[in-house]
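Structural overview for review
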Amino acid sequence: MRFVDEFRDGELVQKRLTDLRHLVTRPWTLMEICGGQTHAILQYGLDELLPPEIELVHGPGCPVCVTSLELIDKGLAIASQPGVIFCSFGDMLRVPGSHNDLFSIRAQGGQIRVVYSPLDAVKIAQENPDKQVVFFAIGFETTAPANAMSVLQAKGLGLKNYSVLVSQVCVPPAMHAILGSPENRVQGFLTAGHVCAVMGYWEYPPIAEKYRVPMAVTGFEPLDLVEGIFMTVQQLEAGKVDVLNAYSRAVTREGNTAAQAIINRVFEPVDRNWRGIGRIPLSGWGLRSEYSAFDADKRFGVSGIQTRESPLCIAGQVLQGLKKPSDCPVFGLQCTPRTPLGAPMVSSEGACAAYYRYGKK
Amino acid sequence: MPLRHDDQIVIGHGSGGRMTQELIQRVFMPHFSSPGLLQGNDFAALGLPLEAQFQGQLSISTDMHIVSPLFFPGGDIGRLAVCGTVNDVAMSGARPLYLTAGFILEEGLPIQLLDRVVMSMQQVAEEAGVQIVAGDTKVVEKGKADQLFINTAGIGWTPAGRNIGGAQARPGDVVLISGAVGDHGIAVLTARGELGFETDVQSDVAPLNHLIEAVIEAAPHTHVLRDPTRGGLATTLNEIALQSRTAIWVDEKSVIVHPSVRAACEMLGFDPLYVANEGKVIVIVPAAEADAALTAMRAQPYGAEAVAIGYVEAAPAGRVLLRTLIGGTRLLDVLAGEMLPRIC
């Protein structure tokens, strides 16, 4: 397959790894932002092939992992209501709320539909005028354009039975939170290639400057990852701080300006609670007031949510790169993909799920 | 004039009375006409191969078949129902001989559709060399079933001296597979038309008993035969590793995945190693017989793409390990539950 095979070529990867071994002179700690990158690293066994000086810690870029528990409980409460068709990305179905998950609500007769795109949810709303169709609009900058587009489309179609439960979050505020923490260990970042494909990377140089942390825009195939690591380490070894692009086949500095315009039309910056991490100011997007008619939170007015997080789960520290899943005392014991205590154990982008699935200890 | 209900299934077709008889005569008898069925009894009295009177044992297996849509590129529920049971029986090293077929029909099912399914069953049964010797039909009200469910059970005879099963894998054995993985799962998924894209992928659903017979002839010390159906190659290898208390190493580069299947998996965030197959068999044999088994498979119509994909070691027992495309190693675990599409 073109644009995939060449970036999974064992020989090319090994060659670049040799370059990296020659380059590195001392220990460096890098964070890959995106959970998709974490999974790719472990899926290909890349972590074992890196020079021992380079440690990768795993970032917060797992959309369902950072979606606040309160919002998940709200989603679960809405999904349980009769007359509601609750649409979600598949990854959310197994994520534990305080008391249950979407899978168990579906088993009890709730109408839960897995959709591949929010525009499918709009179609479901058109086809079911007697039902309230709610889409759980979670995700980072990657999902925001399509989620926003679904609202525009529903408005254009005059749909009165479509709404979105929004939990959009953004990468740059999370980087500030991680780098500003006194416990921070991160010396360089691999930024999330898919996020940058939408947003570009013009937001990152001021962060790199402020904290003196070099970065590379990084993709998801093994060769992309090695290249991103190489470009970051090269800067660290030379004492330089910049944001370089190791994913130029998908990312430009400006990003997808049409997508950004749609996001800005529908959403505005808001404070968000990040599960396990806490409130980060202006770290997400919420619906602008012109679109509040499509806000599921307002439409259903669920109240009285009492959240309950497992006291054993250290997901917050894992998501900030302070601890690794294998540092968790209940990893693989009380907490497994069948009996998850936190979202990172079930999401296809969760670091704990990756460690479990690929046998990492 | 009374309605004849010739074009679709109605509750009366399951009454056991005249309408049931008519359905049997119009739809089932023209296709299924084995001596066992033609006896017209509530049972079939069957003969065994001559050798079976002196040695070997009988193998029996049963399977329920539910698939949506009923017809998909490369197959249909009928072909699936026959192949599924033929293959399950054959995986013990047995020669499948006889099948039974039970049908649950939903009210409103077009009879012409049932006819096509029954015809497909007979065609593939002939190809596999098995006879369908007994059957039953029940009709349920609209909404109580999804069009058509089929149960098949099969009996086969295993010649003496064949000791084949998941527990028999031994350190030093070689792991072979009869072809590419993931075709069936992706063919059915795209046939549902919910993905917003189409593929040219054909299901691999096929009877494997002739291929298996050829493998055992070429490699008489075959240890394991198993078809990687639900859960795919990864899940099936994990079952074998657990049963035999061995470690199985797989070389990712050697596993064949057809380009359209790979493309679909890339888009959906699926790993083809976990996608279902209905016409593939994993063969584990002593290293000395591996080449002979491969050559035998490749000479068969359903084994042209057969390859060696790994080997068996003693430790870590119960684990499957993958040598990745870039030369890394990692665990190849079973899935926790349903495979779900990713977000971004």
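Definitions and cut-offs
Residues numbered from 1 in each chain as written. Chains lettered and ligands numbered in written order. Predicted model: local features only at pLDDT ≥ 70, side-chain atom pairs only at ≥ 80, totals over all residues. Helix = DSSP H or I, 4+ residues; strand = E, 2+ residues; numbered from the N terminus. Rg over C-alpha atoms; globule rule 2.2 N^0.38 Å. Buried ≥ 20, exposed ≤ 12 C-beta atoms within 10 Å, placed from the backbone. Arc of directions from axis to C-beta. Contact = placed C-beta atoms within 7 Å. Domains from an automatic or database assignment. Nonpolar A, V, L, I, M, F, W, Y, C, P; charged D, E, K, R; others polar. Pairing = 2+ DSSP bridges. Axes fitted to C-alpha atoms, helices over the stretch in contact; angles between N-to-C directions. Parallel < 35°, antiparallel > 145°, perpendicular 65-115°, else oblique. Left-handed = near helix turned anticlockwise from the far one by under 90°. Core = buried A, V, L, I, M, F, W, Y, C linked by C-beta atoms within 7 Å. pLDDT = per-residue confidence, 0-100.

1. Comments concerning the overall build of chain B
Per the secondary structure count, chain B includes 9 helices and 13 strands. Over its C-alpha atoms chain B spans a radius of gyration of 21 Å, differing by no more than 12% from the 20 Å that the globule rule assigns to 344 residues. Projecting the C-alpha coordinates of chain B onto the three principal axes gives extents of approximately 75 × 60 × 30 Å. Classification of the 344 residues of chain B by burial places 47% in the buried group.

2. Structural notes on helix α8 (residues 259-268) of chain B
Residues and elements named next belong to chain B. What α8 keeps buried is the set Val261, Ala264, Cys265 and Leu268. The arc enclosing the buried residues of α8, seen along the axis, measures out at 100°, which places them on a common side. Residues of α8 that are buried sit in contact with α5 (183-191).

3. Quick word on the domain arrangement of chain A
All names here are of chain A. As assigned here, chain A comprises domain 1 (1-309) and domain 2 (315-357). Distance between the C-alpha centres of domain 1 and domain 2: 17 Å. Contacts between the two partners involve 28 residues from domain 1, matched on the other side by 17 residues from domain 2. Put simply, the parts of the chain that give the side of domain 1 that touches domain 2 at least two residues each are α2 (35-43), β2 (54-61) and α4 (63-66). Within the side of domain 1 that touches domain 2, the residues separate by chemical class into 14 nonpolar, 9 polar and 5 charged.

4. Things to note about the domain arrangement of chain B
Interface size is commonly expressed as the accessible surface area that is lost when the partners come together. Residue and element names in this part refer to chain B. Splitting chain B by domain gives domain 1 (11-158) and domain 2 (166-331). Secondary-structure elements contributing two or more residues to the side of domain 1 that touches domain 2 are α3 (77-90), β4 (95-106) and α4 (111-128). Counting residues per element, the side of domain 1 that touches domain 2 draws most heavily on α3, at 7 residues. Residues of the side of domain 1 that touches domain 2, tallied by class, amount to 12 nonpolar, 6 polar and 3 charged.

5. Some remarks on the interface of chain A and chain B
Facing the 32 residues of chain A at the interface are 22 residues of chain B. Looking at the side of chain A that touches chain B, the elements with two or more residues in it are α1 (10-23), α2 and α3 (46-49) of chain A. Its residues assigned to classes, the side of chain A that touches chain B shows 15 nonpolar, 11 polar and 6 charged.

6. What to know about the sheet that holds strand β10 (residues 282-286) of chain B
Residue and element names in this part refer to chain B. The strand order across the open sheet formed by 7 strands is β8-β10-β7-β11-β9-β12-β13, and the pairing between neighbours is mixed. Two strands bound the open sheet, and with one partner strand each, they are β8 (224-226) and β13 (329-331). Along the sheet, successive strands turn relative to each other by an average axial angle of 25°, direction set aside. Two strands pair when backbone bridges link them, and strand β7 (residues 173-177) and strand β11 (residues 307-313) are joined in this way by 4 bridges, in the antiparallel orientation. Opposite Val175, over in β11, you have Gly310 as the bridge partner. Along the sheet face, helix α9 (residues 287-298) touches β7, β10 and β11 and points at about 135° away from the line of β10.

7. Quick look at unusual backbone geometry
Excluding glycine, a negative phi dihedral is what most residues carry, and trans is how most peptide bonds are arranged. Cis geometry is adopted by the peptide bond preceding Pro69 of chain B, which originates at Ser68 of chain B and carries an omega value of 0°. Structurally, Pro69 of chain B can be placed in the loop between β1 (57-65) and β2 (71-72). A cis amide bond, omega -5°, links Ala315 of chain B with the succeeding residue Pro316 of chain B. Structurally, Pro316 of chain B is set in the loop between β11 and β12 (320-323). Non-glycine residue Leu282 of chain A carries a positive phi angle of around 45°. By secondary structure assignment, the location of Leu282 of chain A is in strand β11 (residues 278-287). Using a count of 14 C-beta atoms within 10 Å as the deciding quantity, one classes Leu282 of chain A as partly exposed.

8. Let's talk about the sheet that holds strand β10 (residues 267-274) of chain A
Residue and element names in this part refer to chain A. Strand order in the open sheet made by the 6 strands is β4-β3-β5-β6-β11-β10, with mixed pairing throughout. The outermost strands of the open sheet, each flanked by one partner alone, are β4 (111-114) and β10. Sheet twist, expressed as the average angle between the axes of neighbouring strands with direction ignored, equals 25°. Pairing geometry for β10 and β11, over 7 bridges, is antiparallel. Note that in β11 the partner of Pro269 across the bridge is Trp285. Helix α7 (residues 118-127) rests against β3 (84-88), β4, β5 (132-139) and β6 (162-169) of the sheet, and its axis sits at about 170° to β5.

9. A short note on the pairing of strand β9 (residues 247-251) of chain B
Residue and element names in this part refer to chain B. Burial along β9 is one-sided: Ile248 and Val250 are buried, and none of Ala247, Trp249 and Asp251, which face the opposite way, are. Across 4 bridges, β9 lies against β11 in antiparallel orientation. Among the inter-strand pairings, Ile248 is bridged to a residue of β11, identified as Val312. Two strands pair when backbone bridges link them, and β9 and β12 are joined in this way by 4 bridges, in the parallel orientation.

10. Quick notes on the packing of helix α8 (residues 144-156) of chain A against helix α13 (residues 257-266) of chain A
Packed helices, taken two at a time, are described by the angle their axes make and the gap between the axes. Residue and element names in this part refer to chain A. Between α8 and α13, the least distance of the axes is 8 Å, while the angle of their chain directions is 55°. One element, α8, and the other, α13, form an angle in the oblique class. In this structure, α8 crosses over α13, and the sense of that crossing is left-handed. Residues Ala144, Pro145, Ala148, Met149, Val151 and Leu152 of α8 form the contact with α13, whose own contacting residues are Ala259, Ile262, Ile263, Arg265 and Val266. For the contact of α8 with α13, a count of residues per class yields 10 nonpolar, no polar and 1 charged.

11. Some points on the nonpolar core
Residues and elements named next belong to chain A. Core analysis: the largest hydrophobic core is formed by 121 residues, its most contacted members being Val134, Leu165, Phe189 and Cys196. When residues in this core are grouped by element, the largest group, 7 residues, is from helix α12 (residues 222-238). Residues lining this core come from more than one domain, with at least three contributed by each of domain 1 (1-309) and domain 2 (315-357). Every residue in contact with Leu165, bar those within four places of it in the chain, is listed here: Leu71, Lys74, Gly75, Ile78, Val134, Phe136, Ala137, Ala296 and Asp297.

12. Brief notes about the confidence of the model for chain B
Averaged over all residues, the pLDDT of chain B equals 93, while 96% of them reach at least 70. Interface predicted TM-score (ipTM) for the complex: 0.83; the corresponding pTM is 0.88.

13. Regarding the environment of Glu11 of chain A
You can see Glu11 of chain A is positioned in helix α1. Sequence separation between Glu11 of chain A and Gly219 of chain A is 208 residues, and the spatial gap between their C-alpha atoms is 18 Å.

14. Topic: the environment of Pro173 of chain A
Residue and element names in this part refer to chain A. Turning to its location among the elements, Pro173 is positioned in helix α9 (residues 171-180). On the basis of neighbour count, Pro173 is assigned to the partly exposed category, with 19 C-beta atoms found within 10 Å. Taking the C-alpha atoms as reference points, Pro173 and Gly109, 64 residues apart in sequence, are found 39 Å from one another. For Pro173, the contacting residues outside a window of four places in its chain are Ile280, Leu282 and Ser283.

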